[in-house]
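Structural features, examined
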2 protein chains.
Amino acid sequence: ERRPPHRARRHVPGTVTQPHPLTNRSTNEQLRTYEQGVRAAFDQIVPTLKQISALHCEPDFTQRAQQLAQRELGFELPNGILDDAWIAGLDLRRLYAWSLFETYRRMADDFFARDPLRGRETTAFDEFLQSCGFHLMDITPCADGRLAHAISYVLRLPIGAVRRKSYAGTLFDVEETVEKWVEVEHQRFREGRPNTADTSTRYLKVVMYHFSSLDPEHQGCAAHGSDDGLAARAGLERLHHFRQAIENSFCCGASVALLLIGLDTDTDAIRVHLPDERGEMDLNQSVDAQALYDQTHNLTPEAARQGILEAVCAAAPDTADEGMVRLVARLVENNLSQIEYVRTLQGGGYPDAGHAERFMAVGIGFEEIQLRNLTYFAYLHTVEEGAPDLDVGCRIFDGLNVSHGLPIPVVVRFDYHGRVPGARERAVERARRLDRALADRFRVRVQQGLLHRMLVVRDCDAGSGLEVVSTSVDPQPAGGH
Amino acid sequence: ERRPPHRARRHVPGTVTQPHPLTNRSTNEQLRTYEQGVRAAFDQIVPTLKQISALHCEPDFTQRAQQLAQRELGFELPNGILDDAWIAGLDLRRLYAWSLFETYRRMADDFFARDPLRGRETTAFDEFLQSCGFHLMDITPCADGRLAHAISYVLRLPIGAVRRKSYAGTLFDVEETVEKWVEVEHQRFREGRPNTADTSTRYLKVVMYHFSSLDPEHQGCAAHGSDDGLAARAGLERLHHFRQAIENSFCCGASVALLLIGLDTDTDAIRVHLPDERGEMDLNQSVDAQALYDQTHNLTPEAARQGILEAVCAAAPDTADEGMVRLVARLVENNLSQIEYVRTLQGGGYPDAGHAERFMAVGIGFEEIQLRNLTYFAYLHTVEEGAPDLDVGCRIFDGLNVSHGLPIPVVVRFDYHGRVPGARERAVERARRLDRALADRFRVRVQQGLLHRMLVVRDCDAGSGLEVVSTSVDPQPAGGH
Ligand SMILES: [Zn+2]
Ligand SMILES: [Zn+2]
Ligand SMILES: [Zn+2]
Ligand SMILES: [Zn+2]
């Protein structure tokens, strides 16, 4: 019910009877199983609460509600809220937020415990990447929820082998990225990881902007007013700024490699702009995975792979380096599986062209969120800096949730390095401070029970799951403040 | 008038007839000339505005006021404010803030143009520091304005040769310092600066806490409730956290050296707690520069120096390293000049034991502020994170200024690296965002004209002066927002 209606027109109808020779069908099945499982868990919440609501005048209500919750959601609800229903009425907003947070928590813990997308199997890609001349691939997709699956699904890369750092409109923080570059160089110098500093590989910074082939004027990148050209140019400019910052700040020919990728959020097909030896990219020149899917569909795997390589070469400037061409050919080949994944969805494509996020993710972290359109991200340290992103998020959820009487669920999260003494305490304090500022900015919604928060932190050195600091849905301690 | 009354009792009266054999009298003279010049410029503002105010019913008021301002302050006032006085009354609050900002701006530009404290003459100290086994000295004094002169005056070090990063209560940011450590290591690896990475020198992190010998219960560190023991322990704990963070995060025996210094803000005498080989320090064990000043006062320079070295050795744990002992002996010797500087002040000591700051400095930067009790610092990126420090600052200035009808002058400042494309624009945007948040938090004072701001940025790569972005005292453009 919360989804926008299916779109009638499909970009490439009926091309999926025969799989493409280079797509990985078993991986597609695994990815689909994972995605459907997670979505089903979230989508069960509303129908289950409706049933529970219908029960609420029955005698043994609490018991029956718990049985139902256990059966449909896989967990019990807080007894307190159910027990008080006879006198206070059933607080369905709190139950909804509580259930959503619990579902998210279980999803996250499962992700860190099981590695369901096999993101930790990094050796093969690490080696391939280095053979192409790069020691780190650092990707900034737009923070739009429709790109949350960029690494694991769209590009089919193990998340453990790349750095993902999303920014609204791909406008990544140059200073922060320079710091990361220094950290990586230091590691190469000091520890020889991922390779020694004298190996002539480069740090590869990738920007992934996005557009919509079905509804280009409305469903493109909101941060750039759905202007595809602007989105691409902004990403490219930021890449150039980063390269210049490195070259100006460090001597001895320090430099980085750059790459610009566009994503069609309706088909998940990528188009890649190849750089010349100086990192210059032509925004009118790209290799298009969607077209290549069709062009190489009836070939043998070898011939299809050769066709892709030739197309990438043709789209590359004369001075493009050979490793970059090989890497891009691999990304395009990986993307074919995702193109097929989308084409073989029930209905022949994504049912949700627009926003359909289930919760807001605010703070730093969220590595476990690898599914499209599940989450609205606002990566930030403070409300003061991130207010525009938070305001956009609230407006989106006013439409998705508040207009239907549902609260906006916000997960406030800060990851920390457990190796650093005091880091956990500082992350907790940071989460609490952010929460106070958030509750202050969205005071009215909070007072109406229409905005709930769960505060979590995570030790990213330990590789363990989430630690819940507090939530606004749990009963507040008597006399607390 | 804004100064608290002189204190009657002086710690060590009458010991300054004869200079100490190791003090540098000509440097003391230069430092005193600089300090008096800067203070006089600030202290001229109120008397001059009083005179101007008295003139304000005269005919040619604007002209006469400008002559007076030029003569007494060295600059003219904005004509607009003077011209409007006949009808709107003379806006003395705005004139005060305007004059203060102009005085600060001139002081800062002079500092960067002339290097009056010779902070860029770093070679000798760099070499000495490395000979002691350290490649960088990174000092965190408390952000209290009474420690703003810690580097140039108290320790007599060239500011260009050390890193100063102040924090309220010396509670420095461990993560930020780890990043700095990585940056320094990277520079050693990549550029051999200040020495190559295979040289077995260490990064030296110093904390300088403070206390008051004259009024220990009230004029100690406010962040620790004037509890000296607590202030020292908190600094020591932060140092240990930093060392542990480095050791846990990096392999191959990465480590750092630590040092804890206490400052008596009444006499500027330091006491130094020497670390053993593991960086452990005994808070009850220290070498006291004040006592050494007296004990070595009648000796020859050689004998005095030997006496200091012996005292430092005696205060050092058995396993303390020899380079650390030599460094501390040097710091103590340097400090003797400052002890004499304070003892030879008119009145035999500082007239201001408590707060006497002229303005608040908010943001990141302020390298040029090297004078005691001139400035209340709130180093921060956002009001959200720095609110407690800002609130303390406003309370202090409510007493110093607002209670006398004077506005609180706030300099909002962000330094940036001009080598990094877009960095200036981001610094400006940061200053504007902070200013909006500040004006929002202190709304009432702003509306009453009792809190004024000047926004400045500075390219720290260029070594040039300040760039003024805007001020709240300049006439706002008609129809502006
Ligand atoms: Zn976008
Ligand atoms: Zn981490
Ligand atoms: Zn203090
Ligand atoms: Zn700088």
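Before any of the text, the structure's been laid out above.
Below, the discussion takes up the side chain of Thr103(B). Residue and element names in this part refer to chain B. You can see Thr103 is positioned in helix 6 (residues 92-114). In this structure Thr103 comes out as buried when scored by relative accessible area, which is 5%. A polar contact is formed between the side chain of Thr103 and the backbone oxygen of Ser99, at a distance of 2.7 Å. When sequence neighbours within four positions are dropped, the list of residues in contact with Thr103 reads Ala41, Phe42, Ile45 and Phe75.

Residues and elements named next belong to chain B. Most of strand 8 (residues 375-379) is tucked away, with four of its five residues classed as buried. Sheet topology places strand 7 (residues 359-364) next to strand 8; five bridges connect them, and they run parallel. Pairing of Gly363 across the sheet is with Tyr379, part of strand 8.

Residue and element names in this part refer to chain A. Pairing is mixed across the open sheet formed by six strands, whose spatial order is 2-1-3-4-5-6. Two strands close off the open sheet at either side, each with one partner strand: strand 2 (162-164) and strand 6 (287-288). Sheet contacts for helix 13 (residues 322-343): strand 1 (134-141), strand 3 (202-211), strand 4 (256-264), strand 5 (270-273) and strand 6; angle to strand 4, the most-contacted strand, approximately 25°.

Before going further, it helps to examine the interface of chain A and chain B. With 36 residues of chain A in contact, the opposing surface of chain B contributes 36 residues. Roughly 3,200 Å² of surface becomes buried between chain A and chain B when both sides are summed, with 55% attributable to carbon and sulfur atoms. Three residues, His186(A), Arg190(A) and Glu384(A), lead the burial of chain A against chain B; their summed loss comes to 22% of the area buried on that side. Arg430(B) is the salt-bridge partner of Glu385(A), the closest N and O atoms lying 3.4 Å from each other. Across the contact surface, chain A and chain B share eleven residue pairs in polar contact (both at pLDDT 80 or more). Residue assignment for the side of chain A that touches chain B shows that the elements contributing at least two residues are helix 9 (174-191), helix 10 (228-249), helix 14 (383-400) and helix 15 (423-441) of chain A. No other element matches helix 9 of chain A, which puts eleven residues into the side of chain A that touches chain B.

Residues and elements named next belong to chain B. Read from one edge to the other, the open sheet built from six strands follows the order 2-1-3-4-5-6, with strand pairing classed as mixed. With one partner strand each, in any of the chains shown, strand 2 (162-164) and strand 6 (287-288) form the two edges of the open sheet. Across seven bridges, strand 1 (residues 134-141) lies against strand 3 (residues 202-211) in parallel orientation. Of the residues in strand 3, the one forming a bridge with Pro141 is Met208.

Rules used throughout
Within each chain, residue numbers correspond to sequence positions counted from 1 in written order. Starting at A for chains and at 1 for ligands, labels are handed out in the order in which the entities are written. pLDDT decides what is reported in this predicted model: residues at 70 or higher carry local features, side-chain atom pairs at 80 or more are listed and counted, and totals for whole chains, interfaces and linings draw on all residues regardless. Only hydrogens and water are set aside; all other atoms, that is, all heavy atoms of the structure, feed into the side-chain values. Secondary structure elements are taken from DSSP: a helix is a run of H or I of four residues or more, a strand is a run of E of two residues or more, and numbering for both begins at the N terminus. Here the term buried applies to any residue with accessible area under 20% of the maximum for its type, exposed to any over 50%, and partly exposed to those in between, with areas from a 1.4 Å probe on protein chains only. Residues adjacent in sequence count toward polar contacts only when both atoms are side-chain atoms; beyond that, a polar contact is any pair of N or O atoms within 3.5 Å, and within protein one must be able to donate a hydrogen and the other to accept it. Any pair of residues with heavy atoms lying within 4.5 Å of one another is described as a contacting pair. One requirement defines pairing of two strands: DSSP has to find at least two bridges between them. Helix axes use the C-alpha atoms of the stretch in contact, all axes being lines fitted to C-alpha atoms, and the angles between their N-to-C directions lie in the range 0 to 180 degrees. Summed over both partners, buried area is the accessible surface (1.4 Å probe) that two parts give up on being assembled. Only one rule defines a salt bridge in this text: a Lys or Arg side-chain nitrogen within 4 Å of an Asp or Glu carboxyl oxygen.

Function cannot be inferred from these measures alone, as they are strictly geometric.
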